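# Structural characterization, general
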Amino acid sequence: MKNPISASATAATASNPFRRDNKGFNRINDRLFSGVIWTAGVLIIAFIFGLLYLILQDGLPKLTWDFLFGLPSEIDEGGGIGPTLLNSFYILFLSLLISIPLGMAAGIYLAEFAPDNKLIGFVRVCVEGLASVPSIIFGLFGIALFVELFQIGLTILGGAISLAFLNLPVLTRVTEESIRAVPAEQKSASFALGATHLQTIMRALIPAALNGIITGICLVAGRAFGESAVIILTAGVTTSGEMWDFSLFSPGETLAVHLWYVQSEAIVSDAQEIAQKAAAVLVFVVLLINLLFRIPLWLNSRKTRR
Amino acid sequence: MLDSNPAAGKAPLRAELGRTLLAGSGKKFDRRSRLFAMNRMFRYLCIAAAAFVCLILVLILFLMLRTGVLTFNHISFADFFFSSDWTPENEQYGGLVFIFGTFALTALTLLIAVPLSLMIAIFLSVFVPTWLKNALRPILDLLVGIPSVVYGYLGLTVLIPLIRDVTGTGMGDGLLAAALVLTIMVLPTVSRISDDAISAVPAKFSDASYALGATRFQTVWKVLLPSAKSGIMYAVILGMARAVGETMAVVMVIGNTPQIADSLLKPTSVLTSNIVMQISNVPFDSTWNYALYLMGFLLLLISLLMIVAVRWLQRRGERVS
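The shown structure was predicted, so the numbers you read here are calculated from the model rather than taken from an experiment. (Residues numbered from 1 in each chain as written. Chains lettered and ligands numbered in written order. Predicted model: local features only at pLDDT ≥ 70, side-chain atom pairs only at ≥ 80, totals over all residues.)

## Thoughts on the overall build of chain B
- For chain B, the helix and strand inventory stands at 12 helices and 2 strands.
- Starting at the N terminus and ending at the C terminus, chain B contains elements arranged as α-α-β-β-α-α-α-α-α-α-α-α-α-α. (Helix = DSSP H or I, 4+ residues; strand = E, 2+ residues; numbered from the N terminus.)

## Let's talk about the overall build of chain A
- Check the secondary structure of chain A and you find 13 helices and 0 strands.
- Helices and strands appear in chain A in the N-to-C order α-α-α-α-α-α-α-α-α-α-α-α-α.
- Residues classed as buried in chain A amount to 43% of the 306 residues present.
- In chain A, the proportion of contacts linking residues at least 24 apart, taken out of those at least 6 apart, comes to 74%. (Buried ≥ 20, exposed ≤ 12 C-beta atoms within 10 Å, placed from the backbone. Contact = placed C-beta atoms within 7 Å.)

## Things to note about the interface of chain B and chain A
- Residue-level contacts link 61 residues of chain B with 66 residues of chain A.
- Per-element accounting of the side of chain B that touches chain A gives the leading share, 19 residues, to helix α1 (residues 11-69) of chain B.
- Partitioned by chemical class, the residues of the side of chain B that touches chain A number 47 nonpolar, 11 polar and 3 charged. (Nonpolar A, V, L, I, M, F, W, Y, C, P; charged D, E, K, R; others polar.)

## Describing the confidence of the model for chain A
All names here are of chain A.
- Here chain A averages 82 in pLDDT, and 89% of its residues register 70 or above.
- Taking the mean pLDDT of every element in chain A, the minimum, 45, falls on helix α1 (residues 2-12) and the maximum, 92, on helix α7 (residues 156-180).
- Within the model, pLDDT remains below 50 along residues 1-14, and this stretch shows 7 contacts once partners closer than five positions in the same chain are excluded. (pLDDT = per-residue confidence, 0-100.)

## Notes on the domain arrangement of chain B
Residue and element names in this part refer to chain B.
- Domain annotation for chain B reports domain 1 (24-70) and domain 2 (77-320).
- Here the C-alpha centre of domain 2 lies 36 Å away from the C-alpha centre of domain 1.
- Contact residues are listed per partner, giving 6 residues for domain 1 and 6 residues for domain 2.
- A breakdown of the residues in the side of domain 1 that touches domain 2 according to their chemical character gives 4 nonpolar, 2 polar and no charged. (Domains from an automatic or database assignment.)

## Description of the domain arrangement of chain A
Residue and element names in this part refer to chain A.
- Taken domain by domain, chain A comprises domain 1 (2-62) and domain 2 (65-305).
- In this assembly, 6 residues from domain 1 lie in contact with 7 residues from domain 2.
- Looking at the side of domain 1 that touches domain 2, its residues break down into 3 nonpolar, 1 polar and 2 charged.

## Overview of the packing of helix α4 (residues 82-113) of chain A against α7(A)
Residue and element names in this part refer to chain A.
- One way to put it is that α4 packs onto α7 with a least axis distance of 6 Å and a crossing angle of 35°. With respect to the hand of their crossing, α4 and α7 are arranged in right-handed fashion.
- Looking at the contact of α4 with α7 residue by residue, the class counts come to 19 nonpolar, 9 polar and 4 charged. (Axes fitted to C-alpha atoms, helices over the stretch in contact; angles between N-to-C directions. Left-handed = near helix turned anticlockwise from the far one by under 90°.)

## Here we look at helix α11 (residues 271-278) of chain B
- Within α11(B), 6 of the 8 residues are buried, leaving the element largely enclosed by the surrounding structure.
- Turning to α11(B), its buried residues number three or more, namely B:Leu271, B:Thr272, B:Ser273, B:Asn274, B:Ile275 and B:Val276.

## What to know about helix α5 (residues 148-167) of chain B
- Within α5(B), the axis deviates most sharply at B:Gly155, by approximately 40°.
- Listing the buried residues of α5(B) in full gives B:Ser148, B:Val149, B:Val150, B:Tyr151, B:Gly152, B:Tyr153, B:Leu154, B:Gly155, B:Leu156, B:Leu159, B:Ile160 and B:Ile163. (Bend = angle between axes of the 7 residues up to and from the residue.)

## Examining the nonpolar core
- The biggest cluster of nonpolar side chains holds 169 residues, and the ones touching the most others in it are A:Leu259, A:Leu282 and B:Val181.
- In terms of residue count, helix α6 (residues 175-199) of chain B provides more of this core than any other element does, 16 residues in total.
- Not counting residues within four places of it along the chain, the set of residues in contact with A:Leu282 comprises A:Gly226, A:Leu255, A:Ala256, A:Leu259, B:Pro147 and B:Val150. (Core = buried A, V, L, I, M, F, W, Y, C linked by C-beta atoms within 7 Å.)

## Some remarks on unusual backbone geometry
- Even without being glycine, A:Gln151 reaches a positive phi, approximately 60°.
- Here the phi dihedral of B:Asn256 falls at roughly 50°; this positive angle occurs in a residue that is not glycine.
- Structurally, the position occupied by B:Asn256 is in the loop between α10 (248-254) and α11.

## Looking at the packing of helix α8 (residues 184-192) of chain A against helix α9 (residues 197-226) of chain A
Residue and element names in this part refer to chain A.
- In the contact formed by α8 and α9, the axes pass within 10 Å of each other and the chain directions differ by 160°. The angle between α8 and α9 falls in the class roughly antiparallel. For the crossing formed where α8 meets α9, the hand is right-handed. Mapping the contact onto sequence places Gln186, Lys187, Ser190 and Phe191 in α8 and Thr200, Ala204, Leu205 and Ala208 in α9.
- Class assignment of the residues belonging to the contact of α8 with α9 gives a composition of 4 nonpolar, 3 polar and 1 charged. (Parallel < 35°, antiparallel > 145°, perpendicular 65-115°, else oblique.)

## Concerning the environment of B:Val190
Residue and element names in this part refer to chain B.
- Counting through the fold element by element, Val190 comes out in helix α6.
- A count of 28 C-beta atoms within 10 Å places Val190 in the buried class.
- Along the backbone, Val190 and Leu159 are 31 residues apart, and their C-alpha atoms lie at a distance of 22 Å.
- Not counting residues within four places of it along the chain, the set of residues in contact with Val190 comprises Ala113, Val114, Ser117, Ala235, Val236 and Gly239.

This is the structure in structure tokens:
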């Protein structure tokens, strides 16, 4: 296969003495390049699977109900993660309760109502800027606001609100982009039927943009569930020590924080095992949040494609 | 039906008719005004929400700056930025170690992560068949969602013992360990966005290149990468922002010792890790705390500068295309 091609090539470009060497060099180069890219690609994909397997296989088989719902212990072996797991979901729920309405409203404003002027350009820069602010800054902000200004100390409420601020810009951007992606015909059709702007947004635009918005919410929820820097600063590294404590003003260590605490500060003798299991639970829940919410969306997009 | 000259006997009927007309129009008017009011209210709510998002950023900037600036009541500007002596117990607040650490760590991370990410991006966008591509992209997305403390935990339990074995040092934590953990964390972000940028290059560009007899390497190197340059820059800046602001994963592997990292394996500290390790133990009204807030303000400035850079890139990209 190599011969006729190079022969015809040399025949066609006999005037160029470098042509042939160049071509051989190119071919080797191309092979080398393909080889490197394939190896790198396959290796990294294998590495990712190895990573997930490593986390899950160390912890998942050892999980028991006692561990999932038991109280953590400072000294004795066999402490559980009950209150921290509960706090994780509780804080996640509270922060979404605050950030979803606010974020969606701001996104709807930017997509639908906002005039195209300098001020709105500034608002967009603000949203983008806020989205890139490191999470620890939100933690410092939470301390200054809740611990210093309002004097309520390290609480679940402070943690949830700081976390909501962290998620707000992402939700705003996702909502704006998804609503903008809805075809203009659908909007015009709704207006042509005599619908008001509010009705158009509620009944035509949001349902059509729901796929994108829910994907964004999943992303944010997964991030909020695993966020630790904000929680350490605003909700503390202790729990109230009771199970099913829904008070907004008790300290709110979450599972992610507990993993860090156990790994670096705790003195219990089975810290290693607790950390393994906590990491497995953490990753498992994040995968679940990402997968579970996407299945109906996936089915929906398959159904509506044709 | 409406008689313009009604007889007297029809008066009750007319009153009835008037009432129903009035009731009808009244109801209609109510519904209209209600819709109108709700539209208007919804609009104001949305404006308030958007204003609130801006307010948070302004408030954060203001609080960080106001608290951070108080540092300079006690120590001089040069002391903070050019001294590497961080011993708050002795009233020494030199921030150079942490500023240097953050920049060194980010540079080292990008040095490892960018070539690898570009390889994955090229792998996904050029080499792999479509079905495999559709399977692999969500997996990379999943990786973005794994909590940073899990990465830190893996770094602490898997990577650091490995570094100890390979290099034969006693500790193993330091810039190298932190950069490797951060590389794994920014890899999915950078490669996914670069992949999108490369895939967005019009097919006619690469078709033309192949038609001219270029090999795949030449096409990728001379056509696809230059065309996707601004998208790739965007990806790199986003990765940089994540590397600068990452806290928990870095805290767990960097060693948290305030000394200048003159070697890759020496325990050191960066802005984020120093803040999170010390903030809980200091009283709010102390120079120590103010210095930590000043470090936070520096982080904030760095990340906002990156956003300005991204917007500038986007505007330039729009002008070119």
